[in-house]
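# Results of the structural survey
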Amino acid sequence: MKAAPDGRALTIEGDADHPANLGRLCSKGSALGKTVGLEGRLLHPMIGGRRTSWKDATSRIADKFSETIARHGPDSVAFYVSGQLLTEDYYAANKLMKGFIGSGNIDTNSRLCMASAVIAHKLAFGADLVPGCYEDLDLADLVIFSGHNAAWTHPVLFRRMEAARARGQRHVVIDPRRTDTAESADLHLALAPQTDVRLWNGLLADLIRRGAVDRAYIAAHVAGFAEVEAELAKADQSPAAVAADCGVPLADLERFFAMAAETPRTVSLFSMGANQSAQGVAKGSAIINVHLATGRIGKPGACPFSITGQPNAMGGRETGGMATTLAGHMDFDPESRARVARFWGGPRLAVGPGLKAVDMFDAVADGRIKAIWIMATNPAVSMPDASKVRAALEACPFVVVSDCMAETDTLALAHIRLPALAWGEKDGTVTNSERRISRQRRLFDPPGEARADWRIIADVAAAMGFGEGFGWRGPAQVFREWARLTAYENTGRILNLGPLAAITPQAYEALEPVQWPVTEAGGAARLFTDGRFQTADGRARMVPTTARGPADAVTAAFPLALNTGRVRDHWHTMTRTALAPELCRHAPEAYVEIHPADAGPLGITEGALTRIQTLQGEAVATAQLSDRQRRGSIFMPMHWTEAFSPSGRANPLVAPRVDARSGQPEFKHTPARVRAYRETWRGFLLARDAWRAPAGLDLIWRRIPQTACQLHEFAGRGDERERAALHKALTGKAGGESLRYEDAAAGALREAWLDGERLDRVIFFTTSGALPPRDWLADLFAAETLTSANRLALLIGRQPGQATETGPTVCACLGVRAQRIDAAIAGGCTTFDAIGQATGAGTNCGSCRPEIVRMIAATKGEIRHAA
Ligand SMILES: Nc1nc2c(c(=O)[nH]1)N[C@H]1C(S)=C(S)[C@@H](COP(=O)(O)OP(=O)(O)OC[C@H]3O[C@@H](n4cnc5c(=O)[nH]c(N)nc54)[C@H](O)[C@@H]3O)O[C@H]1N2
Ligand SMILES: Nc1nc2c(c(=O)[nH]1)N[C@H]1C(S)=C(S)[C@@H](COP(=O)(O)OP(=O)(O)OC[C@H]3O[C@@H](n4cnc5c(=O)[nH]c(N)nc54)[C@H](O)[C@@H]3O)O[C@H]1N2
Ligand SMILES: [Mo]
């Protein structure tokens, strides 16, 4: 990637020499250039709505934290941080909380993401160690995806595996939904929700029956095999019983077992479908057990592989961003505490683990925590039972939020807002899933008064009187100290950056990607190659696991299992991806995916607004009917927020049930029901600026960013008065020339305002008829001058005599819509590559490949059907 000379414009290119991506970028990476502008950025410290100086903000925070600690003790304050911080930021935050304030109350959004895998690693390997590396994904003959929609969430790695697949690698996907990852796989096991432990235990029992376990490896390197075998014996492990409990066809299960038995080079990827569960640790353990029993670990092309999501989830796990660990893979045992205390030399070291995310916000809610500092995460959106989290923050006496953006759902609840640097400005290191440390280098000078997160923390620490521990002058110094800690009195901790402890500023500047543990000889691609683990006796541990259902089973009143997750082109709470309109076109608005057989009897049709209800709350989203969904399960994306779709938020619905050991929430399962919304009117507003419905109106609205304007969609169930109130709110301040068309009988109202020659806003309402597609109208906002033909056609909503290109965007990187791809297929393109040549679709990141392949197949099906 390189910076263009003219200020903040960027040309984005992958770095072909970087070992993690070999130059490939996903749609979000490719669109980064669209998100580096200063639009929507927080550029100054703010107290309430007022701009203030750093000095003032820093001393206010320091005073308030010090005062609270003095009166109520160190556990009355907390930090909630994020895998989107750099390692240096993470190190600073953890050192301040655990080493100087003296509380364990720092937790990270990785609690929502990786915590179950962390515990499974610790139980099996003695520490949070990821055995394999990305090269294993090239070398494997079989890749099993457990609750991992890699085609959408790790598209760059997925393409690498697609290439391996062309060389004969096989893919098995274990996911209740037929995702794009599942669609192209050799085998998809659409298991019943939360039955993974049963499935993996069944696999292990089958491998034992076939004699496909590696007795020699177990004898030399593994403990606990007998205990696991005894636990397996407590249930009927016949393939028929397992298939029945998991809700998969017996033949498919047997095929999976056979593939696993015959393929030594197997990588088992596991992600949120495994971790985000009340049995998240058990799922991880059941997967790791299979690898230990077969000796498929520490070898090329063979390992269990927990994949991380955020840029620096791993850095947080290493430095101690989680409340349950101290720092540098050291926990709260007396020896580690003494060692870390010696190293930091602070006044007060945390005595034990702090509160995990869900417990932390409960403690905010009940007043045990009185001051919280949130950095680089948006918990008002992303926590389970999000309405409760929001209420807790509203009631909290002191909330500080550091973010690069000016408006997020969480910032709205902050007393003090601190402007952080964003991607392109930050300078430091991150660690990826394969333990690879990469430098993130800055391309731009800090905008406004924005500052690096580590520096903001260090300044507050100094203002609290801890200056001597936080006097770093740059990220290289923070990194050196961190590397020194990993090597400090290290007699067996694999997490060791030893040689980097003396890194010079120049060498830090030039640091090449390297996988820890780092020795004088360089990094390490794979761990456990010698069969030795980080346990006292050097053996790995197999852990007995028992299959249980979800924390809350479905009931007659809430008969559906609500599953949540990601869409292809958005990142979490959309604070940055929504700046790139092309990333908003694949999934433009909040939706709920339902099996047609579940939707039909309830009168829910494709595209209809639908209520989703759980014991926690209610949402309204657009129905997408699809047999890619299991019957009895529904899916909602996690991304939509107050700013884009107040009623389309998934997390107010999610029950805050957690895994007892990891504290990770069961985001993938909440009992739910759906009902048709049955709106009486609908409409939309196209305007140059973002708009929010005023409080008190009973309506559903959502905002969909467009290239030259903002589209707002509305619907309501109220009578004429409600609609009139909305109309008034929308038009209250509108000046300029206006055009208006009303057909009261047909319940239609259409209005457009012009600002000189430019289109300023357009409103369409209907109580009966259909609304025109929005694309053509939205595109008119790009023109400085409206042509007279377009002006005449405005209130018709479409250009007379011309078809506009419609349909969802399939390829976000090149902006190719479904219609063009359909046309290319009709024109004779019968392969993915041919479509790429004809339209460009899929030629950049390729994450739309499964969808295009599906479109081709659908057309072929139709032809066959017609013939
Ligand atoms: N486009 C995009 N990519 C991202 C992100 C993003 O926001 N957008 N976020 C990043 C982050 S932080 C993360 S953590 C990763 C997450 O990456 P993934 O884990 O791939 O993403 P999810 O969509 O959360 O969930 C994966 C799958 O788990 C399945 N699942 C649900 N219940 C079960 C179950 O009981 N068993 C099994 N086996 N599967 C189940 C869901 O149906 C879903 O398809 O993505 C990263 N990449
Ligand atoms: N229903 C449901 N909920 C989920 C999940 C799910 O699958 N289903 N997945 C969970 C998972 S795995 C994750 S990781 C979380 C993610 O959830 P969040 O962490 O809440 O989501 P983000 O939108 O990534 O929030 C990052 C925030 O940090 C800001 N930011 C970005 N870079 C920086 C920086 O360098 N410094 C600072 N100070 N701020 C920065 C962004 O503007 C944004 O406001 O969501 C969890 N919630
Ligand atoms: Mo995540």
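The coordinates are above.
Figured I'd write up the structure that's included with this text. Fair warning: this is a prediction, and the values are worked out from it, not measured in the lab. (Residues numbered from 1 in each chain as written. Chains lettered and ligands numbered in written order. Predicted model: local features only at pLDDT ≥ 70, side-chain atom pairs only at ≥ 80, totals over all residues. Heavy atoms only, no water.)

This paragraph deals with the overall build of the chain. From N to C terminus, the chain includes 30 helices and 33 strands. Since a compact globule built from 867 residues should have a radius of gyration of about 29 Å, the 27 Å found for the chain is in line with a globular shape. C-alpha atoms of the chain, sized along the principal axes, occupy 80 × 70 × 55 Å. Of all 867 residues assigned to the chain, the portion counted as buried reaches 61%. If you take every contact in the chain between residues at least 6 apart in sequence, the share linking residues at least 24 apart comes to 71%. Accessible surface, the chain as shown: approximately 31200 Å² in total, 52% of it carbon and sulfur. (Helix = DSSP H or I, 4+ residues; strand = E, 2+ residues; numbered from the N terminus. Rg over C-alpha atoms; globule rule 2.2 N^0.38 Å. Buried < 20%, exposed > 50% of the residue type's maximum accessible area, 1.4 Å probe, protein only. Contact = heavy atoms within 4.5 Å. Areas by Shrake-Rupley, 256 points an atom, 1.4 Å probe, with all protein chains shown as cover.)

What surrounds ligand 1 is a group of 31 residues, the closest being Asp175, Asp196, Ser271, Arg566 and His570. Side-chain polar atom of Ser271 to an oxygen atom of ligand 1: 2.6 Å apart, as the coordinates give it. When the free accessible area of ligand 1 is taken as 920 Å², the share hidden by the protein chains comes to 99%. Put simply, the parts of the chain that give the shell around ligand 1 at least two residues each are helix 6 (150-153), helix 14 (272-275) and strand 20 (560-565). (Near = heavy atom within 4 Å. Polar contact = N/O pair within 3.5 Å; in protein donor to acceptor, adjacent residues only side chain to side chain.)

So, on to the layout of surface pockets. The volume enclosed by the second largest pocket comes to roughly 1400 Å³. Residue lining of the second largest pocket: 50 residues in total, with Arg585, His586, Pro588, Gln624 and Pro808 positioned closest to the centre. Only strand 21 (591-594), strand 23 (618-625), strand 26 (681-687), strand 27 (699-705), strand 28 (710-716), strand 32 (809-811) and helix 30 (849-866) provide two or more residues apiece to the lining of the second largest pocket. By residue class, the composition of the lining of the second largest pocket is 22 nonpolar, 12 polar and 16 charged. (1 Å grid on protein atoms, 1.4 Å probe; cavity = no way out; pocket = protein on both sides within 12 Å on 5 of 7 lines; lining within 4 Å. Points joined across faces, edges and corners; volume = space filled by probe spheres on them. Nonpolar A, V, L, I, M, F, W, Y, C, P; charged D, E, K, R; others polar.)

Bringing the nonpolar core into the picture now. Membership of the largest hydrophobic core comes to 168 residues, with the highest contact counts inside it found for Phe65, Phe79, Phe256, Leu292, Trp373, Leu497 and Ile612. Every residue in contact with Phe79, bar those within four places of it in the chain, is listed here: Phe65, Ala93, Leu96, Met97, Ile101, Asn105, Ile106, Asp107, Met360, Trp373 and Met375. Counting 25 residues, the second-largest nonpolar core is a separate cluster that includes Ala363, Met383, Ala392 and Phe667. (Core = buried A, V, L, I, M, F, W, Y, C linked by side-chain atoms within 4.5 Å.)

This part covers unusual backbone geometry. Going from Trp516 to Pro517, the amide bond is cis rather than trans, its omega being 0°. Relative to the helices and strands, Pro517 is located in the loop between strand 18 (514-515) and strand 19 (540-541). Of note in the backbone geometry, His329 takes a positive phi value of approximately 60° without being a glycine. With respect to the element layout, His329 can be found in the loop between helix 16 (313-319) and helix 17 (334-344). His329 gets classed as buried once you look at its relative accessible area, which sits at 15%. One non-glycine residue, Met574, lies in positive phi territory at about 65°.

Quick look at the pairing of strand 26 now. Judged by how many residues are buried, strand 26 sits mostly within the fold: six of seven residues are covered. Bridge count between strand 26 and strand 28: seven bridges; the pairing is antiparallel. Within strand 28, the position partnered with Leu685 by the bridge is His712. Sheet analysis places strand 26 next to strand 31 (residues 758-766), joined by six bridges and oriented antiparallel. Bridged to Ala687 within strand 31 is Arg761. (Pairing = 2+ DSSP bridges.)

Here we come to the pairing of strand 7 (residues 142-146). With five of five residues buried, strand 7 lies mostly within the body of the structure. Both faces of strand 7 are covered, namely the face carrying Leu142, Ile144 and Ser146 and the face carrying Val143 and Phe145. With five bridges joining them, strand 7 and strand 8 (residues 170-174) adopt parallel strand pairing. Bridged to Leu142 within strand 8 is Arg170. As judged from the five bridges shared by strand 7 and strand 11 (residues 266-270), these two strands associate in the parallel manner. Opposite Phe145, over in strand 11, you have Leu269 as the bridge partner.

What follows covers the site of ligand 2. Taken together, the neighbourhood of ligand 2 is formed by 31 residues, with Gln84, Asp403, Lys426, Thr573 and Asn651 sitting nearest. Ala376 places a polar main-chain atom, nitrogen or oxygen, 3.2 Å from an oxygen atom of ligand 2. Side-chain polar atom of Arg566 to a nitrogen atom of ligand 2: 3.1 Å apart, as the coordinates give it. Compared with its free state, where it exposes 930 Å², ligand 2 has 98% of that area covered by protein. Of all the secondary-structure elements, those providing two or more residues to the shell around ligand 2 are strand 14 (398-403) and strand 20. The residue makeup of the shell around ligand 2, split by class, is 11 nonpolar, 15 polar and five charged.

For the structure on display, the rule yields three cavities of 30 Å³ or more. Roughly 40 Å³ of volume is contained in the largest cavity. Surrounding the largest cavity, Arg8, Thr35, Val36, Gly37, Arg41, Met405, Ala422, Trp423, Glu425, Arg576 and Leu579 form its lining. When the residues that make up the lining of the largest cavity are grouped by side-chain class, the tally is five nonpolar, two polar and four charged.

Moving on: the packing of helix 2 (residues 54-72) against helix 21 (residues 453-466). Packing of helix 2 against helix 21 leaves a shortest axis separation of 8 Å and a crossing angle of 60°. In this view, helix 2 runs oblique relative to helix 21, as classed from their interaxial angle. In this structure, helix 2 crosses over helix 21, and the sense of that crossing is right-handed. Contacts between helix 2 and helix 21 involve Trp54, Thr58, Ile61, Ala62, Phe65, Ser66 and Ile69 from the first element and Ile456, Asp459, Val460, Ala463 and Met464 from the second. Broken down by class, the residue content of the contact of helix 2 with helix 21 amounts to nine nonpolar, two polar and one charged. (Axes fitted to C-alpha atoms, helices over the stretch in contact; angles between N-to-C directions. Parallel < 35°, antiparallel > 145°, perpendicular 65-115°, else oblique. Left-handed = near helix turned anticlockwise from the far one by under 90°.)

This brings us to the sheet that holds strand 14. On the basis of which strands lie adjacent, the open sheet formed by seven strands has the order 4-3-15-14-13-5-6 and mixed pairing. If you trace the sheet from one side to the other, it starts and ends with strand 4 (50-51) and strand 6 (106-108), each paired once. Inspection of the sheet shows strand 13 (residues 371-375) paired to strand 14 by five bridges, in the parallel sense. Directly across from Ala371, in strand 14, lies its bridge partner Phe398. Where helix 3 (residues 87-101) meets the sheet, it contacts strand 5 (77-81), strand 6 and strand 13, and its direction lies at approximately 160° from that of strand 5.

Turning next to the sheet that holds strand 18. Strand order in this open sheet of three strands is 16-17-18, and the pairing throughout is antiparallel. For this open sheet the edge positions go to strand 16 (428-431) and strand 18, each flanked by a neighbour on one side alone. In this sheet, strand 17 (residues 436-440) lies alongside strand 16 in antiparallel orientation, the contact comprising four bridges. Each residue of the ladder has a partner; that of Val430, found in strand 17, is Ser438.

On to helix 12 (residues 239-246), then. The set of residues buried in helix 12 consists of Pro239, Ala241, Val242, Ala243 and Cys246. Check the buried side of helix 12 and you find it contacts helix 9 (196-210) and helix 13 (250-262). The first or second residue beyond helix 12 is Gly247, which carries a positive phi of 70°.

So, on to the side chain of Arg317. Tracing the backbone shows Arg317 in helix 16. Classification of Arg317 as buried rests on a relative accessible area of 4%. Apart from residues lying up to four places away in sequence, Arg317 is in contact with Met114, Val118, His121, Asp128, Val130, Thr308 and His329.

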